[in-house]
Amino acid sequence: MTNEQIKQQLIDKFGDLVYHFEEPYGMLTFETATDNNLKVLTFLHDDAQMGFHFLNDLTAVHYPDNKDKELAVVYMLQNITLGLRIRFKVFVPIDKPDVFTATSVFATANWLEREAYDFFGINFVGHPNLIRIMNVEEMDYFPLRKEYKLEEQTRTDKDDDMFGR
Amino acid sequence: MSQKQNIQLPEGGLGKQTTTLNLGPTHPATHGVFQNILEMDGERIVDAVPTIGFIHRAFEKIAERRPYYQITPLTDRLNYCSSPINNMGWHMTVEKLIGAKLPKRVEYLRIIIMELARIADHLVCNSVIGVDTGAFTGFIYVFEFREKIYEIFEEVCGSRLTTNIGRIGGFERNFSDLSFQRINQFLKDFPKAMKEFETLFNRNRIFMERTMGVGGIEASRALNYGFTGPNLRATGIDYDIRTAHPYSSYEDFDFSIPVGTTGDVYDRFLVRNEEIWQSVRLIQQAMDKIKGLDPSIFHADLPDFYLPEKEDVYTKMEALIYHFKIVMGETDLPVGEVYNSIEGGNGELGFYLISDGGRTPYRLHFRRPCFIYYQAYPEIVKGSMLSDAVVTMSSLNLIAGEIDA
């Protein structure tokens, strides 16, 4: 099975709901509609031809300039038998970051989703235990979002224009 | 005397049949800072709730403000039992992003260092399984050789535990004659000690009774939980990044991937032991392979990323320019996202890197194998004895630094 065949099968199955196919560094990458993530995951996991039984990674990214699509949830799956990896993303608005949980398909997703919630505030709908995992419970913000600068804000001696980010 | 009770029992407390027990955060058996709240019925575990995050250091956030070459020391502190593997993984991720091609000698030298680190990692894990089952002797036998491995690292890069070894594009300096001597000496002496260690444990009746059938997990469950590394292979799935997605010229080598059947503590122990032998084989082959190669090559020709010799910086204009550009972050980096994974001591250590062309990553996510498979711990230990939970924990090789990042 090649990337091209997987892409074709996904398009056959989901039509317009899967788009933006790319292949950065050889890994098939695509996007899907926000409420379609669980269907895509289930299809990739359960379909006999696909056989993506292994969730490599699940994480989130914050793009503050992406209006109404500020947060991305990235899934990375692998077909272990064929050594094939694919990645797909869903985008959610920051005011309503609701995504269906993947815990029903992959047990791996449990803590990874808690991590994504902890750092980005993504609300995984249906997660059995969506609480912070690394940070303290009392924390009231999501530290990996881009508005929280790493260094103290009162410092003026470091000029980002001159020295890059 | 007042009749008021001074002991406040919780609602329905007297009816509660189980005991809550805190295993950790600081407990000799956890070998790291993480907590398990166990619900015990006598000596059997009914439920376990792991709590982590005690040494969370926000590496992913810190990495967003550091130039690429300054992220290597962060990776040291993930799995600190095998820092060199993490370092190499990070270098390879950046090299994949910039599309660098490395000379064979560099890749073979990397394999030597990575496999030494793997041996050190597995030695810690396996000898500590021995300690947790009450056999201290094996630990003493093999820890001498962990020290020898650290001496090799010290000779190559100057530090022992948090190594920061290598640079993007190669090594910071060439291997000295002494480091090759030490590697050869290690290859000569270590197999004897390893044999002794195996003789002590592998067919030891007490050890077998203590570990067989303990902490087992089925292959399909392990895969669903995202197990990787020796813990997955102990269940019978031969998934190893070194063969599934070869990197650093592992495809040039002849080695095998040991697998277990039941995925219990004993199988994990045997798989790790066999992997140590395979690592010895790999180092021997790599030592033979580098003999025929130009001994002066220790880095790729990547002037945009690899710092020039300090002497050249003072005497040559071009070297000065490159030095300045690298340090000040003026080098253009490709925009893109890349996922690179390597076979770490505990399994698939992945780096998911998004670059927007700036001098620092836009986003960097570490796929830490420990973090991912530790969530299976409650399922594994449910119904077992407390002492089995302890030995299960050490056989999973949980490293707090890798869990928390």
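We now turn to the structure provided with this report.

Conventions used here
- Residues numbered from 1 in each chain as written.
- Chains lettered and ligands numbered in written order.
- Predicted model: local features only at pLDDT ≥ 70, side-chain atom pairs only at ≥ 80, totals over all residues.
- Heavy atoms only, no water.
- Pairing = 2+ DSSP bridges.
- Helix = DSSP H or I, 4+ residues; strand = E, 2+ residues; numbered from the N terminus.
- Axes fitted to C-alpha atoms, helices over the stretch in contact; angles between N-to-C directions.
- Contact = heavy atoms within 4.5 Å.
- Buried area = accessible area lost by both parts, 1.4 Å probe.
- Polar contact = N/O pair within 3.5 Å; in protein donor to acceptor, adjacent residues only side chain to side chain.
- Phe/Tyr/Trp six-rings, centres within 6.5 Å; stacked < 30°, edge-to-face > 60°.
- Buried < 20%, exposed > 50% of the residue type's maximum accessible area, 1.4 Å probe, protein only.
- Lys NZ or Arg CZ within 6 Å of the ring centre and 35° of its normal.
- Expected span 1.5 Å × (residues − 1).
- 1 Å grid on protein atoms, 1.4 Å probe; cavity = no way out; pocket = protein on both sides within 12 Å on 5 of 7 lines; lining within 4 Å.
- Points joined across faces, edges and corners; volume = space filled by probe spheres on them.
- Nonpolar A, V, L, I, M, F, W, Y, C, P; charged D, E, K, R; others polar.

1. Some thoughts on the sheet that holds strand β4 (residues 71-79) of chain A
All names here are of chain A. Taken together, five strands build an open sheet; the order of strands is β1-β2-β5-β4-β3 and the sheet is mixed. Looking at the sheet topology across the chains shown, the edges are occupied by β1 (18-22) and β3 (54-62). If you compare each strand with its neighbour and ignore which way they point, the axes differ by 20 degrees on average. Across nine bridges, β4 lies against strand β5 (residues 84-92) in antiparallel orientation. Residue Val73 lies in a different strand from β5, and its bridge partner there is Val90. Packed on one face of the sheet, helix α1 (residues 3-14) meets β1, β2 (28-32) and β5 and runs near 165 degrees to β1.

2. What about the interface of chain B and chain A?
Taken together, the contact pairs 46 residues of chain B with 51 residues of chain A. By the criterion of area lost to chain A, the three top residues of chain B are Lys61(B), Arg65(B) and Tyr362(B), representing 18% of everything that side buries. The interface formed by chain B and chain A contains 26 residue pairs in polar contact (both at pLDDT 80 or more). Of all the elements in the fold, those that place two or more residues in the side of chain B that touches chain A are α1 (59-63), α3 (83-98), α8 (219-224), β4 (336-343), β5 (348-355), β6 (363-367), α14 (369-374) and α17 (400-404) of chain B. The biggest single contributor to the side of chain B that touches chain A is β4(B), with four residues.

3. Details of the packing of aromatic side chains
Applying the stated rule across the entire model yields 35 aromatic pairs over all chains. Here the aromatic rings of Phe30(A) and Phe88(A) are separated by 5.4 Å at their centres, their planes lie at 15 degrees, and the arrangement is stacked. Of this pair, Phe30(A) sits in strand β2 while Phe88(A) sits in strand β5, and the two are 58 residues apart along the sequence. With centroids separated by 5.1 Å and ring planes inclined at 85 degrees, the aromatic side chains of Phe171(B) and Phe175(B) adopt a geometry described as edge-to-face. For the pair shown, Phe171(B) and Phe175(B) are each scored as buried. Taken together through their ring pairs, the aromatic side chains of Trp111(A), Phe34(B), Phe371(B), Tyr374(B) and Tyr377(B) make up a single cluster. Over the ring of Tyr250(B) we find Arg242(B), and its NZ or CZ is 5.9 Å from the ring centre. When the ring centre of Phe371(B) is taken as origin, the NZ or CZ atom of Arg368(B), which lies over that ring, is 4.5 Å away.

4. Let's talk about helix α11 (residues 265-291) of chain B
Across its 27 residues, α11(B) extends 40 Å between first and last C-alpha, which sits within 8% of the 39 Å expected from 1.5 Å per residue. Burial runs high along α11(B): 20 of the 27 residues are buried.

5. Considerations on empty space enclosed by the protein
Applying the stated criterion to the full structure yields three cavities of 30 Å³ or more. Roughly 140 Å³ of internal volume is contained in the largest cavity. Forming the walls of the largest cavity are Pro67(B), Tyr68(B), Tyr69(B), Val94(B), Ile168(B), Asp304(B), Phe305(B), Ile326(B), Gly329(B), Thr331(B), Leu333(B) and Arg359(B). Across the lining of the largest cavity, the residue classes break down as eight nonpolar, two polar and two charged. In this model, the second largest cavity occupies a volume close to 60 Å³. As for the second largest cavity, its lining consists of Glu115(A), Phe119(A), Leu144(A), His56(B), Ala58(B), Phe59(B), Glu60(B), Lys61(B), Arg368(B), Asp404(B) and Ala405(B). With three residues, the single largest contributor to the lining of the second largest cavity is α1(B). Here the residues of the lining of the second largest cavity sort into five nonpolar, one polar and five charged.

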